[in-house]
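Architecture at a glance
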Amino acid sequence: MSVILAIAGADAAERTRRFSFLLVIAVALYAGYLYVPDVHAGYASVTIHDHRGIYNSAYLGAAIAILTSSFLGVIGFYLVRGSVERDRELNVDAIVGASRVRRATFLLGKFASNLAVLCAIVAISCIAAILMQQFRGEDRHLDALAFVLPFLLISVPAMAMVAAIAVVFDVVKPLRGVIGAILYVFVWSAALTVPMTTTNGARISPFDPLGITTVTASLGAAAQAAYPKEKNDDVTIGGDRVPKSGLSAYRFGGVRWTLAIVAQRLEWLVLAVALVLLASPLFDRFLRDAPAERRSGRTLDLTRVIPNVPALRVLRAEFALLVNGASIWWVIGAIGLAVATGVARLDVVTHFILPVALIWPLERLSALGARERRWNVADVLAATPRFAGRTLLVQCVAGTLLGSVVCGGYLARLLVTGHPMAAFACIAVIAATAAAALALGTLTGASRAFEAAYLLVWYLGPINHLPQLDFAGATVSAPLVLMLVCLTVLPVFLALAAAGRLARAR
């Protein structure tokens, strides 16, 4: 146990000193503010058939616990994933491999570190909820136990599952990259939607790692008691619009924590530890491939798409850094997507193929901005003249070029069929994405923040077709608006990237 705690403590201390952790704390505090909207606001965070709970300790503790589990469940994964691979990047993998630490012990230490970081954010969300209760002032009587219990029994087991899945994805080699990042979005989606369809007579689902139905069943019972003539089984979580007639309020006395409910929630903690132990035989203890094996990997020189002329040599070099390390299978997939976007039916392209093409370069683009720190050359580059803005535009162009190549068939068909505005809108989306990767990578020093943010937007927009975020469909339906939005945020992202470089150079 002492070894596990030592590994967890050292890893957690290293992570909490990063700027990205402070950024997540700021986001958590702001989210706590959004979770408790004003009674006259145009949205509500948790509603039961056009009813909301009075802002007392019991209601805010339960409601914000499930909101924290739901949204930190996706953001937190990208915050803590890569804890195992980070030792390889920091060149301490050989020390770990030569030590007597067992595989299971090492991975349990990483799991405990992940859980500690996530629980720290959960604690901040709990504090934000307490402050918001006093700020909104509907019922300022503070019941500490009613606040703390939902976070302990709802959010902590949920974060344990997130921490364990992050370790498993780090250990299983095919899941370390973009495939694992995309797959987790659907895992998180299942954790949100499946519980609602697998509830029993008491409306508590046996499959509910996030604890949603545990709380909504109690909220529904309280709403039913207050409004017995209505069928209160319509639950909405996260940003539902308030009808013109407004929301009626009911008083919530808290979740009734029976032994069965507590045991069900603790089962997810046990399952999280079991997942880590089951993954331990797959951990290779940072064994490095033999030089002959590394040389046998098949790669392509993708920089040949850019002419080797003096005016384009910086762009060619940045493009080479961007695509360096891409496997032959990634290249084959990119070529297949470029062809498919040009020959398939337009509605099939915008609904299915184009979203995949826009997410395909994610792992390549996420390195923008974080590459200098990852390879420990940030101090060297910071000493060069005009480093803050010297290569930002070129890096953004290189990222735009890569994304445009993957979407090349779609761009070509739009130009040939007389829709140049739609083609320019698609290029503007790719350019804004590259600029966002630069900004977040530079500000946080890592690629995880961009991956989490972009995957969330991609899942809500092109996959679930949320109108405000469906930038794939908007290339055809509203190209001018989309292009104006992207061209507006593009210089903002580049300015943030430049500011991040200046801050690190001081």
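Residues numbered from 1 in each chain as written. Predicted model: local features only at pLDDT ≥ 70, side-chain atom pairs only at ≥ 80, totals over all residues. Heavy atoms only, no water.

Okay, the packing of aromatic side chains next. Using the criterion set out here, one finds 15 aromatic pairs in the structure. Put simply, the rings of Phe77, Tyr78, Phe169 and Tyr184 pair up and form one aromatic cluster. The ring centre of Tyr55 lies 4.8 Å from the NZ or CZ of Arg52, which sits over that ring. (Phe/Tyr/Trp six-rings, centres within 6.5 Å; stacked < 30°, edge-to-face > 60°. Lys NZ or Arg CZ within 6 Å of the ring centre and 35° of its normal.)

On to the packing of helix α7 (residues 144-171) against helix α10 (residues 259-279). Across the interface, α7 lies against α10 with an axial gap of 9 Å and an inter-helix angle of 15°. Here α10 runs roughly parallel to α7, going by the angle between their axes. Seen along the crossing, α7 lies across α10 with a hand that is left-handed. In this structure, α7 uses Leu153, Ile154, Val156, Pro157, Ala158, Ala160, Met161, Ala164, Ile165, Val167, Val168 and Val171 to contact α10, whose residues at the interface are Val262, Arg265, Trp268, Leu269, Leu271, Ala272, Leu275, Val276 and Ala279. Of the residues assigned to the contact of α7 with α10, the class counts are 20 nonpolar, no polar and one charged. (Axes fitted to C-alpha atoms, helices over the stretch in contact; angles between N-to-C directions. Helix = DSSP H or I, 4+ residues; strand = E, 2+ residues; numbered from the N terminus. Parallel < 35°, antiparallel > 145°, perpendicular 65-115°, else oblique. Left-handed = near helix turned anticlockwise from the far one by under 90°. Contact = heavy atoms within 4.5 Å. Nonpolar A, V, L, I, M, F, W, Y, C, P; charged D, E, K, R; others polar.)

Now for unusual backbone geometry. Despite not being glycine, Asp50 has its phi angle at roughly 65°, a positive value. Counting through the fold element by element, Asp50 comes out in the loop between β1 (43-48) and β2 (51-53). Of the residues examined, Asp50 reaches a relative accessible area of 40% and is grouped as partly exposed. The phi dihedral of His465 falls on the positive side, at around 60°, and the residue is not glycine. Relative to the helices and strands, His465 is located in the loop between α22 (448-463) and α23 (471-477). His465 gets classed as partly exposed once you look at its relative accessible area, which sits at 32%. (Buried < 20%, exposed > 50% of the residue type's maximum accessible area, 1.4 Å probe, protein only.)

Further remarks concern the packing of helix α19 (residues 392-406) against helix α21 (residues 420-444). At a minimum axis distance of 8 Å, the contact between α19 and α21 shows a crossing angle of 130°. The angle between the axes of α19 and α21 places the two elements in the oblique class. Along this stretch, α19 crosses α21, giving a crossing that reads as right-handed. In this structure, α19 uses Leu392, Gln395, Cys396, Gly399, Thr400, Gly403 and Ser404 to contact α21, whose residues at the interface are Ile427, Ile430, Ala431, Ala434, Ala435 and Leu438. Among the residues forming the contact of α19 with α21, the class breakdown is eight nonpolar, five polar and no charged.

Attention now moves to the side chain of Thr433. Turning to its location among the elements, Thr433 is positioned in helix α21. Excluding residues that lie within four positions of it along the chain, Thr433 makes contacts with Leu365, Phe450 and Tyr454.

On to the state of the cysteines. The tally for this structure, following the rule as stated, stands at zero disulfides. Cys486 forms no disulfide, and the closest cysteine sulfur to it belongs to Cys426, at a distance of 9.6 Å. (Disulfide = S-S within 2.5 Å.)

Tallied over the entire structure, the rule returns seven salt bridges. The residue Arg251 makes a salt bridge to Asp139 at a minimum N-O spacing of 3.1 Å. With Arg251 in the loop between β4 (248-250) and α10 and Asp139 in the loop between α6 (103-136) and α7, this pair connects stretches of sequence that are 112 residues apart. In this structure Asp139 comes out as buried when scored by relative accessible area, which is 16%. (Salt bridge = Lys/Arg side-chain N within 4 Å of Asp/Glu carboxyl O.)

The next point concerns α22. Along α22, the residues that are buried comprise Phe450, Glu451, Ala452, Tyr454, Leu455, Trp458, Tyr459, Gly461 and Pro462. Looking at the buried positions of α22, the neighbouring elements they touch are α3 (57-80), α8 (178-197), α14 (346-359), α15 (362-365), α21 and α23. Where α22 ends, the next residue or the one after it, His465, has phi of about 60°, a positive value.

The next subject is the environment of Pro37. Within the secondary structure, Pro37 sits in the loop between α2 (19-35) and β1. Along the sequence, Pro37 and Met132 sit 95 residues apart, while their C-alpha atoms lie 9.2 Å from each other. Here Pro37 is in contact with Tyr43, Ala44, Ser45, Tyr55 and Arg136, once residues within four sequence places are set aside.

Next up on the list: the confidence of the model for the chain. Residues of the chain with pLDDT of at least 70 account for 92%, and the chain-wide mean is 85. Averaged pLDDT values over the elements of the chain bottom out at 44 in helix α11 (residues 291-295) and peak at 94 in helix α20 (residues 408-416). Predicted confidence is poor over residues 289-297, with pLDDT under 50, and the contacts of this stretch with residues over four places away or in other chains come to two contacts. (pLDDT = per-residue confidence, 0-100.)

On the surface, a cluster of nonpolar side chains totalling about 440 Å² of accessible area is made up of Met421, Phe424, Ile427, Leu480 and Leu484. Among the secondary structure elements, those contributing two or more residues to the nonpolar patch are α21 and α24 (479-505). Residue contributions to the nonpolar patch peak at three residues, all from α21. Examined against the element boundaries, Phe424 turns out to sit in helix α21. (Patch = residues over 30% accessible without salt bridge, like charges linked within 9 Å, V, L, I, M, F, W, Y side chains within 5 Å. Areas by Shrake-Rupley, 256 points an atom, 1.4 Å probe, with all protein chains shown as cover.)

Right, let's get into the side chain of His51. Note that His51 resides in strand β2. With relative accessibility at 3%, the residue His51 sits in the buried group.

If you look at the biggest cluster of nonpolar residues, it comprises 141 residues, and the most contacted ones within it are Tyr59, Tyr78, Phe111, Phe252 and Leu455. Residues in contact with Leu455, not counting those within four places in the same chain, are Tyr78, Ala181, Ile182, Val185, Ile359 and Leu362. (Core = buried A, V, L, I, M, F, W, Y, C linked by side-chain atoms within 4.5 Å.)

Within the secondary structure layout, Leu455 lies in helix α22. Each C-alpha atom, one on Leu455 and one on Ala398, is 21 Å from the other, the two residues being 57 residues apart in sequence.

Over its 20 residues, α8 extends 29 Å from the first C-alpha to the last, a length consistent with the 28 Å expected when each residue adds 1.5 Å. The largest bend in α8 comes to about 25°, at Ala191, with the proline Pro195 one to four residues further on. Within α8, the full set of buried residues consists of Val178, Gly180, Ala181, Ile182, Tyr184, Val185, Trp188, Ser189, Ala191 and Pro195. Against α3, α7, α9 (212-226), α14, α15 and α22 lie the buried residues of α8. (Expected span 1.5 Å × (residues − 1). Bend = angle between axes of the 7 residues up to and from the residue.)

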